[in-house]
Amino acid sequence: MAGTLYLVPTPIGNLGDISPRARETLEQADFIAAEDTRVTLKLLNHLGIKKSLVSYYEHNKAQRGDALLQRILNGENCALVSDAGSPAISDPGEDLVRACAEAGIVVTAIPGPCAVITGLSISGLPTGRFCFEGFLSTTKKVRREHLESLRQESRTMIFYEAPHKLVNTLEDLAEFFGVGRKISLCRELTKLHEEVVRTTLGEALERYRETPPKGEFVLVVAGAKPVVEEKPTTQDALNRVQALMDAGLSRKDAVKQTAQELGLPRNQVYETALQI
Ligand code: SAM
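Residues numbered from 1 in each chain as written. Predicted model: local features only at pLDDT ≥ 70, side-chain atom pairs only at ≥ 80, totals over all residues. Heavy atoms only, no water.

**Student:** Sorry, what's going on with the sheet that holds strand 6 (residues 130-134) here?
**Tutor:** The strands making up a sheet are joined through hydrogen bonds of the backbone, oriented either antiparallel or parallel. If you walk across this open sheet you meet the 5 strands as 6-7-10-8-9, and the pairing is mixed. Strand pairing shows two members of the sheet lacking a second neighbour, strand 6 and strand 9 (195-200), which therefore form its edges. On average, adjacent strands in this sheet sit at an angle of 20 degrees to one another, irrespective of strand direction. Pairing between strand 6 and strand 7 (residues 156-161): 4 bridges, direction parallel. Note that in strand 7 the partner of Cys131 across the bridge is Met157. (Pairing = 2+ DSSP bridges. Helix = DSSP H or I, 4+ residues; strand = E, 2+ residues; numbered from the N terminus. Axes fitted to C-alpha atoms, helices over the stretch in contact; angles between N-to-C directions.)

Structure follows, in structure tokens:
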């Protein structure tokens, strides 16, 4: 019988955030697949767990994924961890989950630390509807296309960013969303120097241009205000009919065209046009 793939979240800063179930799963798995085995070894030492570790990261995931799949199909239980937070969220794991699901292997996710949810929940911005945008591409064209697609996004948006790229990213966000847009910059979450700066894109730029940022960031950006389409008024209809008649149209044709253009009932526009 095939084994199970367990997705095990690990602390994003505070070691106390490892859950009893995550710990138990690491203890009971046959082996652990880790993004960086050195990072995970430190955590296992802290937890007093000895377990066989194999690496599974961005640049070996294609062939290593096949080997892991085979081991699970042969009956071993695998616990997958990343360096910090939830595996498969801007971290290796997505492909392995898909391959296991396609092979009929049971995949179980243990809920736990995840930077995107931790940042969103303390951002102070609307949480009812949100979208996670991960890291923006470093390729200029892809990055701009991504931001362009978000111009009208009305849900709260969440981005991951490294400190040395923060100012550049804030500049791009301000260009596409405007300097007045609200942003919550969530830094060093769950760590000693945790800080949430709730401000606007313009003010954030001033602040971090002056003082280069340190630490890891989750950026939570308010969505665009929904565009409210203004309904045409009687005066708008009157003005348009008048303009069309001045241009030489008969009243009847001017009414017909105005009704079409403004999306108003023709008899309503006709009534209005009688004032001319
Ligand atoms: N899978 C992880 C998760 O969802 O929690 C995220 C891994 S991703 C490679 C790393 C990014 O997550 C960082 O660049 C930062 O944007 C965010 N992050 C991780 N830990 C954080 C922390 N303690 N405080 C703020 N942001 C953090």
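Moving on from the model shown.
**Student:** Before we go on, may I ask you to explain the sheet that holds strand 4 (residues 78-81) in this structure?
**Tutor:** If you walk across this open sheet you meet the 5 strands as 3-2-4-1-5, and the pairing is parallel. The sheet is open, and its two borders are formed by strand 3 (53-55) and strand 5 (106-109), each paired with just one other strand. Strand-to-strand twist in this sheet, taken as the mean axis angle between neighbours without regard to direction, amounts to 25 degrees. With 4 bridges joining them, strand 1 (residues 4-7) and strand 5 adopt parallel strand pairing.

**Student:** Quick question: what am I supposed to make of the environment of Glu261 here?
**Tutor:** With respect to the secondary-structure elements, Glu261 resides in helix 10 (residues 251-262). By relative accessible area, which is 41% here, Glu261 ends up partly exposed. Distance in space between the C-alpha atoms of Glu261 and Ala237 is 9.5 Å, their sequence separation being 24 residues. (Buried < 20%, exposed > 50% of the residue type's maximum accessible area, 1.4 Å probe, protein only.)

**Student:** Would you explain the pattern of salt bridges in this entry?
**Tutor:** Opposite charge on two side chains lets them pair, provided their charged atoms get close. For the structure on display, the rule yields 17 salt bridges. Taking the shortest distance from any N to any O, the salt bridge between Arg98 and Glu94 comes out at 3.4 Å. Here Glu94 and Arg98 lie together in helix 4 (residues 94-102), a separation of 4 residues that amounts to about one turn. What makes Arg98 partly exposed here is its relative accessible area of 40%. Residue Glu148 is joined to Arg151 by a salt bridge in which the shortest nitrogen-to-oxygen separation is 2.9 Å. (Salt bridge = Lys/Arg side-chain N within 4 Å of Asp/Glu carboxyl O.)

**Student:** Help me understand the site of the ligand in this model?
**Tutor:** Close to the ligand lie 19 residues; Ile89, Asp91, Ala115, Tyr160 and Phe217 are nearest. Between the ligand and the protein, one listed contact pairs a nitrogen atom with a side-chain N or O atom of Asp91 at 2.8 Å. Considering the ligand on its own, with 580 Å² of exposed area, one finds that the protein chains cover 91% of that surface. Going through the elements one at a time, strand 7 and strand 10 (217-221) are the ones with two or more residues in the shell around the ligand. A per-class count over the shell around the ligand returns 11 nonpolar, 3 polar and 5 charged. (Near = heavy atom within 4 Å. Polar contact = N/O pair within 3.5 Å; in protein donor to acceptor, adjacent residues only side chain to side chain. Areas by Shrake-Rupley, 256 points an atom, 1.4 Å probe, with all protein chains shown as cover. Nonpolar A, V, L, I, M, F, W, Y, C, P; charged D, E, K, R; others polar.)

**Student:** What is the right way to read unusual backbone geometry from this model?
**Tutor:** Peptide bonds are mostly trans, and most non-glycine residues show a negative phi. Backbone geometry at Ser90 places phi at a positive 50 degrees, although glycine is not the residue there. Summarising the element assignment, Ser90 is placed in the loop between strand 4 and helix 4. Positive phi is not limited to glycine here, since Glu188 has a value of about 50 degrees. Note on placement: Glu188 falls in the loop between strand 8 (182-187) and strand 9. Given the relative accessible area of 17%, Glu188 is considered buried.

No statement about biological role is implied by the geometric values presented.
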